[in-house]
Amino acid sequence: MSTSASDASKGALVVTAPAKVNLYLGVHTQRDDRGYHRVDSVMAATSLADVVTLAPAERLTVRTVPEADFPMEHNTAYRAACALGEAFGREPSFEIVIEKHIPLRAGLGGPSSDAAATLMGLCHAWGINPRDERVDAIARSIGADVPFFLYGALAYCDGAGDRLREAFEPLAGAPIVLVKPVCAGVTAREAYEVFDQDPPAAAPLEPLLEVLRAHDAAEVPAHIANNLAPAACAIAPEIAGVVSWLRGQDGVLAAQVTGSGACSFALCESREAAEHIARDADSKCGWWSCAATMEKSGLSLQVC
Ligand SMILES: C[C@@](CO)(OP(=O)(O)O)[C@H](O)COP(=O)(O)OP(=O)(O)OC[C@H]1O[C@@H](n2ccc(N)nc2=O)[C@H](O)[C@@H]1O
Ligand SMILES: Nc1ncnc2c1ncn2[C@@H]1O[C@H](COP(=O)(O)OP(=O)(O)O)[C@@H](O)[C@H]1O
């Protein structure tokens, strides 16, 4: 008989793994040694989250609920556990169960957040400082966005998007709505490939950084930008329809594709507006949607 996520949580570590939105994404044409693009990325953790439970077991297993359409060995949580075990000479003998709430191929950073949650859980179990530079190196080897989730809730990262440049006081509680059209989704790899065919210039970054340094929430919507969005829309044209629909809704301050899509987000005037838009996106358009807020912290760990 298979165990449910709640059975597996007894005597375990439970890590809340938030989704992110890119308040700003500026992709540049320069690449690093791995072929990764240089990016400027401002990411914010949200209240939408996966739940990653790690329970001691005879061997490493990773299971998602609902079940994933790809092998366990490809799961970022599995790869993170193997890499950390190898680096620190430990056997990652844990049953890891990921309750998935963050949609796949959405630009919401689910795979990265799950990997970061796994690293945080194992660091706790093994008495490793998550700020250890070996942990940071493993994080960025799993995915460019993984370090962000280990850093906090609102941060500017550069390099491949994997190097913390500046952390800001979070815009905690700011209402947002997430909307994803019905489509197969967009992977980061596909979006960067299409970007290379005709790279649009990045929007100015500094105005948003200044507004975040001043914690001037009212000015944030004016500076939301993403020059990977045209590539995402070329791959899944439904995304452009979602963004323009969001921009036409009452109570929307700004709307943009998050990361490589296929999800978009809108900053809203109020929670009521975000909830109303989420309901309409679902009932009138048949899209996946979620009213959420920006979070005051990133990953959070509980010992059960
Ligand atoms: C686009 C962004 C924006 O935050 O996120 P998502 O939309 O995926 O959430 C990130 O740059 C994605 O980060 P992440 O999803 O961790 O990417 P990875 O798994 O490391 O990389 C997947 C593939 O994307 C491309 N890639 C990624 C990052 C980068 N700076 N340049 C790239 O060219 C590479 O082809 C790489 O093989
Ligand atoms: N824990 C995980 N959660 C979701 N997807 C994962 C996970 N581990 C690996 N993947 C793989 O990552 C792919 C999505 O990657 P990507 O598009 O870069 O992420 P995002 O959802 O942030 O846009 C999925 O199609 C899946 O094959």
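Since the model is a prediction, treat every value here as computed from it, not as a measurement.

**Digging into the sheet that holds strand β9 (residues 252-257)**
Then, in step 1: Judged by pairing direction, the sheet is antiparallel, and its four strands sit side by side in the order β9-β10-β7-β11 without closing on themselves. Unpaired on one side and paired on the other, β9 and β11 (288-293) mark the two borders of the sheet. Across this sheet, the average inter-strand angle for adjacent strands is 20 degrees, counted without regard to direction.
Then, in step 2: Here four bridges tie strand β7 (residues 175-180) to strand β10 (residues 264-268), and the two strands are oriented antiparallel to one another. Each bridged residue has a counterpart across the sheet, and for Val177 the counterpart in β10 is Ala266.

**Let's talk about the UniProt feature "active site" (unreviewed entry) in the chain**
Then, in step 1: On the UniProt side, "active site" (unreviewed entry) is annotated at positions that read Lys20 and Asp145 here. The greatest C-alpha distance among the annotated residues, which extend across 126 residues, is 9.5 Å, indicating that they converge on a single site.
Then, in step 2: If you trace the backbone, Lys20 turns up in strand β1 (residues 13-31).
Then, in step 3: Taking the C-beta count within 10 Å as the criterion, Lys20 has 30 such neighbours and is therefore assigned buried.
Then, in step 4: Beyond its immediate stretch of four places on either side in the chain, Lys20 contacts Met43, Ala44, Ala45, Thr46, Leu108, Gly109, Asp145 and Phe148.
Then, in step 5: Tracing the sequence through the fold places Asp145 in the loop between α4 (133-142) and α5 (146-151).
Then, in step 6: We classify Asp145 as buried; it has 28 C-beta atoms within 10 Å.
Then, in step 7: Not counting the four nearest positions on each side in its chain, Asp145 is found in contact with Lys20, Gly109, Ser112 and Gly161.

**A word on the domain arrangement of the chain**
Then, in step 1: Annotation of the chain at the domain level lists domain 1 (5-168 + 297-303) and domain 2 (175-293).
Then, in step 2: One C-alpha centre belongs to domain 1, the other to domain 2, and the line joining them spans 22 Å.
Then, in step 3: With 24 residues of domain 1 at the interface, the matching set in domain 2 holds 36 residues.
Then, in step 4: Sorting the residues of the side of domain 1 that touches domain 2 by element identifies β1 and β2 (37-56) as the ones contributing at least two each.
Then, in step 5: Its residues assigned to classes, the side of domain 1 that touches domain 2 comprises 13 nonpolar, eight polar and three charged.

**Regarding the nonpolar core**
Then, in step 1: Ranked by size, the top nonpolar core spans 102 residues in total, and within it Ala116, Leu119, Ile176, Val177 and Ala232 carry the most contacts.
Then, in step 2: When residues of this core are assigned to domains, at least three map to each of domain 1 (5-168 + 297-303) and domain 2 (175-293).
Then, in step 3: Setting aside residues no more than four positions away along its own chain, Ala116 makes contact with Ala17, Ala139, Val146, Phe149, Leu150 and Leu299.

**Regarding unusual backbone geometry**
Then, in step 1: Of note, the amide linkage connecting Val65 to Pro66 takes the cis form, showing an omega dihedral of -5 degrees.
Then, in step 2: That bond from Gly261 to Ala262 is cis: its omega, 15 degrees, falls within 30 degrees of zero.
Then, in step 3: One non-glycine residue with positive phi stands out, namely Arg105, at about 50 degrees.
Then, in step 4: Within the secondary structure layout, Arg105 lies in the loop between β4 (94-99) and α3 (110-126).
Then, in step 5: The buried category is assigned to Arg105, around which 21 C-beta atoms lie within 10 Å.

**Considering the site of ligand 1**
Then, in step 1: Surveying the vicinity of ligand 1 reveals 20 residues, the closest of which are Gly107, Gly143, Ala188, Gly259 and Ser260.
Then, in step 2: Breaking the shell around ligand 1 down by element, the ones donating at least two residues are β1, β2 and α6 (188-197).
Then, in step 3: Grouping the amino acids of the shell around ligand 1 by side-chain chemistry returns eight nonpolar, 10 polar and two charged.
Then, in step 4: Looking at the shell around ligand 1, you find at least three residues from each of domain 1 (5-168 + 297-303) and domain 2 (175-293).

**Some points on the packing of helix α2 (residues 76-88) against α4**
Then, in step 1: Viewed as axis vectors pointing N to C, α2 and α4 meet at an angle of 150 degrees, and their least axial separation amounts to 10 Å. For the pair α2 and α4, the crossing hand works out as right-handed. Contacts between α2 and α4 involve Thr76, Arg79, Ala80, Ala83, Leu84 and Ala87 from the first element and Arg134, Ile138, Ser141 and Ile142 from the second.
Then, in step 2: Across the contact of α2 with α4, the residue classes tally to six nonpolar, two polar and two charged.

**Quick look at the packing of α2 against α3**
Then, in step 1: Interhelical geometry of α2 versus α3 gives an angle of 35 degrees and a closest axis separation of 8 Å. In this structure, the crossing between α2 and α3 has a hand that is right-handed. Where α2 abuts α3, its residues Thr76, Ala77, Ala80, Ala81, Leu84 and Phe88 lie against Pro111, Ser112, Asp114, Ala115, Thr118, Leu119, Leu122 and Trp126.

**Regarding the site of ligand 2**
Then, in step 1: Lining the immediate surroundings of ligand 2 are 19 residues, of which Thr76, Pro111, Asp114, Thr187 and Ala188 lie closest.
Then, in step 2: Counting residues per element, the ones that place at least two in the shell around ligand 2 are α2 and α3.
Then, in step 3: Broken down by element, the shell around ligand 2 gets its largest block of residues, three residues, from α3.
Then, in step 4: Here the shell around ligand 2 is composed, by residue class, of eight nonpolar, nine polar and two charged.
Then, in step 5: When residues of the shell around ligand 2 are sorted by domain, at least three fall in each of domain 1 (5-168 + 297-303) and domain 2 (175-293).

Procedures and definitions
- Residues numbered from 1 in each chain as written.
- Chains lettered and ligands numbered in written order.
- Predicted model: local features only at pLDDT ≥ 70, side-chain atom pairs only at ≥ 80, totals over all residues.
- Pairing = 2+ DSSP bridges.
- Helix = DSSP H or I, 4+ residues; strand = E, 2+ residues; numbered from the N terminus.
- Axes fitted to C-alpha atoms, helices over the stretch in contact; angles between N-to-C directions.
- UniProt positions renumbered as here; feature names shortened; annotations may be inferred.
- Buried ≥ 20, exposed ≤ 12 C-beta atoms within 10 Å, placed from the backbone.
- Contact = placed C-beta atoms within 7 Å.
- Domains from an automatic or database assignment.
- Nonpolar A, V, L, I, M, F, W, Y, C, P; charged D, E, K, R; others polar.
- Core = buried A, V, L, I, M, F, W, Y, C linked by C-beta atoms within 7 Å.
- Near = placed C-beta within 6 Å.
- Left-handed = near helix turned anticlockwise from the far one by under 90°.

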